[in-house]
Amino acid sequence: MITEFGHLALCLALAVALIQATLPLYGAYARDGRLVALAVPSALVQATLVGISFACLTTAFVRSDFSVLAVFQNSHTLKPMIYKISGVWANHEGSLLLWVLILSLAGASVAVFSKALPADFRARALAAQAMIGVGFYVFLLFTSNPFARLLPTPAEGRGLNPILQDPGLAFHPPMLYAGYVGLSVAFSFAVAALIEGRIGPLWARWVRPWTLAAWSALTCGIALGSWWAYYELGWGGYWFWDPVENASLMPWLAATALLHSAIVLEKRDALKSWTVLLAIVAFSLSLMGTFIVRSGVLTSVHAFAVDPKRGIFILSFLVLAIGGSLTLYGWRASKLENSGAFATVSREGFLVANNLVLMALLSTVFLGTLYPLALDSFSGKQISVGAPYYMATFVPLSALLIFLAAVGPLLSWRQDEFIRTKQRLLIVAAITAGGTLMVLILRGIPSGLAALGFIMTFWLVGGVVADFAHRLRYGDGGPVATLERVARLPRSVYAMVLGHLGVAITVFGITASGAWQSEVLTVTRVGQTLRVGPYDFRLSDLQPIGIKNFTAIDATVDVSEHGMPVYTLHPQTRTYTDPPSETTEAGIHSRWNGDLYAVIGKPDGHGRWQVRFHWKPFVTMIWLGALVMALGGIVAISDRFSRTLGVRRVAIILQPAE
Amino acid sequence: MKPKRQRMMLMGVAALVLVASTALGLSALGSKKQYFMTPTDLATRHTLSGENFRLGGLVTVGSVKHLADGVTLTFQVTDLQNTLPVKFRGITPDLFREGTGVIAEGHMDRAGMFVANTVLAKHDENYMPPEVAASLKKSGRWKPYGQVTR
């Protein structure tokens, strides 16, 4: 009964979304205030209906109602409650329902929080938002109904793939979707601006918080996925250039470009049509990312089983949404006249350069991800593109990006000369040289690639330090005056500092863990000790253990350094019964300067066990850096928020075209 | 510089960047891409020695053997028409089992054995390389929920 109720709510949500997508749009065109006024209530009703629908599906999972096909296929009575709930979105149908839930919530918050926007503009943005929703509702209801019933009702479910039963993965999809869907707001605002043919700094002021929130969520989502792969898959790797990973990286790159170009739009009233294009591209890539993952079109370790009916729908929807918005852009973009020119050597000049390099990065990832698919469908040849391709393209381009990211903030708006920043550039160069030299002396740099990584790290840190010192006019008026200036610096400065430092921390983690890692792969007996980097790993014990829904071999690995015990790791091989499968659980311990990582394999039949032990210096920095980046995004939002609240009279929000 | 002129220039530079990055990507693709092959492809096509590619198929039941060092194993990969011996040093992934789909990345050695650097088993145990699925369907051994009749 509850299940049918959920289905009905979803059908009603489609009906409401159809109303929201058309009538307010027509109302804004025909100047009919009553139709325009429909936008806000229908956005709220839509969100409520999807919320009810999602709650119904969750209830079915919590109660283990196996008469629902999705529950039968993905759940089990013995599963812990948290994974019963995360099972809701750990499958195709449920994850799409989560997608539309977040989408409708985003629409509702636009309706609630943007009361200050002109009614026509808000109506158009909400209509665009609803159009995306319609596409997803139709897809859900006609090809992927999460409420499909199963007769006769089975007594027990099939269970959830055990490697998906993990806290990291339970929260990875919601984070990623929040990022994807957050970009839909920038998209809808871009569509509304194109329809009106007007855009200005205040448009950027409204869009930036959404972009920042989406970008922060996407950053965390990608980091969570990478962290999960690192500890759960037991390979010790954290990024595989898998199409599914690239599908989330591409919108991230576009969103990074968007949030930088929106700064130029806000501060200098320039890059109007470019920013609008980026908003469209960023969300188009999110749509594509969702569907690449959900359709399983790419041969990929993550790919899900293919269904041709869904594939055709997906393709048509993508063509309609992306093609439609780009056509609108081509038709209306010329209306968005730019008002200000700028010099090449200036803050905005470097922000433009940053955008161009990000686009170059994006296009190489796009090519590497989609070329195999295109080749397969046109010639039937199957190829894969892996790490070597990205080492040849992504690495040099990101080095260029980081080079620009350190210099850009040192320049002032409008026009600048390098000579005026000479002192600060010297600081950057000194920090880069000093830092790299220090690393070389203390630990050694084994390869050119590692050298490049460390140089980029210190270059970016140097840029942040030099900029910060300059803004504080350090030493001017003594420490008390400097401290006062610290407190008075706008939050946007701290946001930028955190964002750029986060990148530096991640680059450092990637470089250091690659350069200095030690790995031992062998078979060993209980009681034997193996040397891994500066540590001794001793396989002390092996015990069989039994937990609720799995049994395991639990290994005790004592790690010591110079004879002093450091930590005891417990890698396991687990055997799950529903569905029957084995997993290896790595034993991991994070120290301040790196991770101890142990994996236990299978017995060789002669009393020895396969083991793989790693010492991974500074690997945690990779995800810590992402967190710092996301924190920068949140600080930037709080800055926006405090300012937006100050702007009460927003009649001028969209400045007239010239 | 006039804003309009600057906009034209910006468009020009953007187009140039796009062309340049695509060219960079294509040239990298030329040398770094890996072909996906099945044992039948390898039986009919000539491969360069030392060329890296991906091999996909099913692990033949009863073919997995461990060598004396304990961490190297050999097994057969089949697409049910042809079979190829594979050697791999490392701990196999969780989903690696006899009779299930596998993708190995590596190269052919002189003895005609495929030396795998990495072995991937599918996350979704119902999934297998499309060509293998096609040949399973053809030979009537396909079942919708992925269990291959032995």
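How each quantity is defined
Residues numbered from 1 in each chain as written. Chains lettered and ligands numbered in written order. Predicted model: local features only at pLDDT ≥ 70, side-chain atom pairs only at ≥ 80, totals over all residues. Heavy atoms only, no water. Helix = DSSP H or I, 4+ residues; strand = E, 2+ residues; numbered from the N terminus. Buried < 20%, exposed > 50% of the residue type's maximum accessible area, 1.4 Å probe, protein only. Contact = heavy atoms within 4.5 Å. Areas by Shrake-Rupley, 256 points an atom, 1.4 Å probe, with all protein chains shown as cover. 1 Å grid on protein atoms, 1.4 Å probe; cavity = no way out; pocket = protein on both sides within 12 Å on 5 of 7 lines; lining within 4 Å. Points joined across faces, edges and corners; volume = space filled by probe spheres on them. Phe/Tyr/Trp six-rings, centres within 6.5 Å; stacked < 30°, edge-to-face > 60°. Lys NZ or Arg CZ within 6 Å of the ring centre and 35° of its normal. Polar contact = N/O pair within 3.5 Å; in protein donor to acceptor, adjacent residues only side chain to side chain. Expected span 1.5 Å × (residues − 1). Pairing = 2+ DSSP bridges. Axes fitted to C-alpha atoms, helices over the stretch in contact; angles between N-to-C directions.

Draft legend 1. Just the overall build of chain B, in detail. A tally of regular secondary structure across chain B gives 3 helices and 7 strands. Counting from the amino terminus, helix and strand elements in chain B follow one another as α-β-α-β-β-β-β-β-β-α. The buried share of chain B, taken over its 150 residues, is 45%. For chain B, long-range pairs separated by at least 24 residues make up 49% of all intrachain contacts whose partners lie at least 6 apart in sequence. Carbon and sulfur atoms form 58% of the exposed surface of chain B, whose accessible area is close to 7800 Å².

Draft legend 2. Representation of the layout of surface pockets. Residue and element names in this part refer to chain A. Taken as a whole, the second largest pocket encloses approximately 630 Å³ of empty space. Lining the second largest pocket are 26 residues, with L25, A128, M131, V191 and L328 sitting closest to its centre. Those elements giving two or more residues to the lining of the second largest pocket turn out to be α1 (2-30), α7 (119-143), α8 (167-196) and α12 (308-332). No other element matches α12, which puts 9 residues into the lining of the second largest pocket.

Draft legend 3. The packing of aromatic side chains, seen in detail. One pass over the full model with this rule turns up 30 aromatic pairs over all chains. Judged by centre distance (5.2 Å) and plane angle (55 degrees), the rings of F53(B) and F114(B) are tilted. One end of the pair, F53(B), is in strand β2 (residues 53-59); the other, F114(B), is in strand β7 (residues 114-121), and 61 residues separate them in sequence. For the residue pair F53(B) and F114(B), the accessibility class agrees, reading buried in each case. One aromatic cluster is present, built from ring pairs that chain together W99(A), F136(A), F139(A), F187(A), F283(A), F313(A) and F317(A). Sitting over the ring of W331(A), R332(A) keeps its end group 5.4 Å from the ring centre.

Draft legend 4. Structural context of the side chain of Q34(B). Considering the arrangement of structural elements, one finds Q34(B) in strand β1 (residues 34-37). The class for Q34(B) is buried, based on a relative accessible area of 7%. Only 3.4 Å separates the side chain of Q34(B) from the side chain of E105(B), close enough to count as a polar contact. Not counting residues within four places of it along the chain, the set of residues in contact with Q34(B) comprises Q382(A), I383(A), S384(A), N52(B), F53(B), R54(B) and E105(B).

Draft legend 5. Quick peek at α1(A). Over its 29 residues, α1(A) runs 41 Å from end to end, which matches the ideal 42 Å to within 8%, given 1.5 Å per residue. Following α1(A) by one or two positions, R31(A) has its phi on the positive side, about 55 degrees.

Draft legend 6. Molecular detail of the sheet that holds strand β11 (residues 609-617) of chain A. Residues and elements named next belong to chain A. Across the sheet, 4 strands lie side by side as β2-β11-β10-β9; this open sheet has antiparallel pairing. Of all the strands in the sheet, just β2 (518-524) and β9 (587-591) have a single pairing partner and so form its edges. Averaged over all neighbouring strand pairs, the angle between strand axes comes to 10 degrees, with direction disregarded. In this sheet, strand β10 (residues 594-603) lies alongside β9 in antiparallel orientation, the contact comprising 5 bridges. Across the sheet, residue I588 finds its bridge partner in β10, namely Y597. Packed onto the sheet, helix α9 (residues 201-232) meets β9, β10 and β11 and runs at close to 50 degrees relative to β10.

Draft legend 7. Highlighting empty space enclosed by the protein. Enumeration according to the criterion identifies 9 cavities of 30 Å³ or more in this entry. Here the second largest cavity defines a volume of roughly 80 Å³. Forming the walls of the second largest cavity are 10 residues, and the residues nearest its centre are S273(A), W274(A), R7(B), L10(B) and M11(B). Every element with two or more residues in the lining of the second largest cavity is listed here: α11 (272-295) of chain A together with α1 (3-32) of chain B. Top contributing element to the lining of the second largest cavity by residue count: α1(B), with 4 residues.

That is the geometry; function is a separate question.
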